[in-house]
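Here is what each chain is made of, one letter per residue.
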Amino acid sequence: PIAIKAYIKMKTFRVFILVSIFCSIIVSCEKSNKDIIDDGDIRIWKYQDSVITNFEYWYFDAEGYWNVFYHEPYGEIRENNTNSDVLITTRWGLKNDSILLVSGDYLEYRILQISDTLIVLEHSNEYYGTIRGTLRPIPKRKYKDILYKVNMYNKKHAPGRPII
């Protein structure tokens, strides 16, 4: 009886150790918000909210470069500031791992939910109030086509603009 109790305790302890190791591996493998957003290289997301009439592509890279490409109803894709009088900077970052800063720190989006397949953001401004938007990843195989369309728009409407 004592040997059986000791054997059961030892088995229980081994199971506890294995479960602890497994859990620590899972926690250590969890991606950071930055890695989800830029995928360690570049990542393009499709952004939609209740204010914009069409949709936008948001481009992030691991070096902190950010850009917005507007998808026009007639199929062209243009860069964020080719038709704008507002200077939009091309930097992004995170504050406290829960606030997405785009256009430098000019625009702040609170991250409500984040995963590899969906980011839910909330942003407030004086004109629209609180806006909730979603980012969904674009498959990497489509990046080349999107960037090609942006470059073609730049050549046509903004000659001399650097090509991405």
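Everything numeric here is computed off the predicted structure, so don't read it as measured data.

Chemist: Now, about the overall build of the chain: what can you tell me, with residues and values included?
Modeler: Within the chain one finds three helices and nine strands. Counting from the amino terminus, the chain carries its helices and strands in the arrangement α-α-β-β-β-β-β-β-β-β-β-α. Taken over 164 residues, the chain has a buried fraction of 35%. Counting only contacts in the chain whose residues sit at least 6 apart along the sequence, the fraction spanning at least 24 positions is 39%.

Chemist: Tell me what's going on with the nonpolar core, and back it up with residues and numbers.
Modeler: Within the largest apolar cluster, 17 residues are counted, with the highest numbers of intra-cluster contacts made by Trp58, Phe60, Leu100, Val102 and Leu121. Broken down by secondary-structure element, the contributors of at least two residues to this core are helix 2 (33–38), strand 1 (42–49), strand 2 (55–61), strand 3 (66–71), strand 6 (99–102), strand 7 (107–114), strand 8 (119–125) and strand 9 (129–137). Each residue touching Trp58, except ones within four places of it in the same chain, is listed here: Arg43, Ile44, Trp45, Tyr47, Trp66, Asn67, Val68, Leu100, Val102, Tyr109, Leu121 and Leu135. By size, the runner-up hydrophobic cluster in this structure holds 12 residues, among which are Ile77, Ile138, Tyr143 and Leu147.

Chemist: Quick one: what's the story with unusual backbone geometry, residue by residue and with numbers?
Modeler: Of note, the phi angle at Asn96 is positive, near 55°, even though the residue is not glycine. Within the element layout of this structure, Asn96 appears in the loop between strand 5 (92–95) and strand 6. Backbone geometry places Asp97, a non-glycine residue, at a positive phi of 60°. Here Asp97 lies in the loop between strand 5 and strand 6. What makes Asp97 partly exposed here is its relative accessible area of 40%.

Chemist: Report on the sheet that holds strand 4 (residues 77–79), specifying residues and quantitative values.
Modeler: Read across the open sheet, the nine strands follow the order 4-3-2-1-9-8-7-6-5; overall the sheet is antiparallel. Bordering the open sheet on either side are strand 4 and strand 5, each of which pairs with just one other strand. Taken pair by pair, the neighbouring strands of this sheet meet at an average axis angle of 30°, ignoring direction. Alignment of strand 2 against strand 3, held across six bridges, turns out to be antiparallel. Across the sheet, Phe60 pairs through a bridge with Trp66, a residue of strand 3.

Chemist: Any details on a nonpolar patch on the surface? Residues and values, ideally.
Modeler: Judged by side-chain polarity, Ile4, Tyr7, Ile8 and Met10 come together as a nonpolar surface patch covering roughly 420 Å² of accessible area. By secondary structure assignment, the location of Ile8 is in helix 1 (residues 2–29).

Chemist: For the environment of Gly104, give the residues involved together with the corresponding values.
Modeler: Secondary-structure assignment places Gly104 in the loop between strand 6 and strand 7. Sequence separation of Gly104 and Gly93 is 11 residues, and the distance between their C-alpha atoms is 7.6 Å. Aside from chain neighbours lying at most four places away, what touches Gly104 is Thr89 and Arg91.

Chemist: I'd love a proper account of the packing of aromatic side chains, names of residues and values included.
Modeler: Following the criterion strictly, the structure yields nine aromatic pairs and no others. On the basis of an interplanar angle of 70° and a centroid distance of 5.3 Å, the ring pair of Trp58 and Tyr109 is categorised as edge-to-face. Of the two residues, Trp58 sits in strand 2 while Tyr109 sits in strand 7, which places them 51 residues apart along the sequence. Relative accessible area serves as the criterion here: at 2%, Trp58 is assigned to the buried category. Through a chain of ring-to-ring contacts, the aromatic side chains of Tyr47, Trp58, Phe60, Trp66, Trp92 and Tyr109 assemble into a single cluster. Here the basic side chain of Lys46 rests over the ring of Phe55, its NZ or CZ set 4.3 Å away from the ring centre.

Conventions we followed
- Residues numbered from 1 in each chain as written.
- Predicted model: local features only at pLDDT ≥ 70, side-chain atom pairs only at ≥ 80, totals over all residues.
- Heavy atoms only, no water.
- Helix = DSSP H or I, 4+ residues; strand = E, 2+ residues; numbered from the N terminus.
- Buried < 20%, exposed > 50% of the residue type's maximum accessible area, 1.4 Å probe, protein only.
- Contact = heavy atoms within 4.5 Å.
- Core = buried A, V, L, I, M, F, W, Y, C linked by side-chain atoms within 4.5 Å.
- Pairing = 2+ DSSP bridges.
- Axes fitted to C-alpha atoms, helices over the stretch in contact; angles between N-to-C directions.
- Patch = residues over 30% accessible without salt bridge, like charges linked within 9 Å, V, L, I, M, F, W, Y side chains within 5 Å.
- Areas by Shrake-Rupley, 256 points an atom, 1.4 Å probe, with all protein chains shown as cover.
- Salt bridge = Lys/Arg side-chain N within 4 Å of Asp/Glu carboxyl O.
- Phe/Tyr/Trp six-rings, centres within 6.5 Å; stacked < 30°, edge-to-face > 60°.
- Lys NZ or Arg CZ within 6 Å of the ring centre and 35° of its normal.

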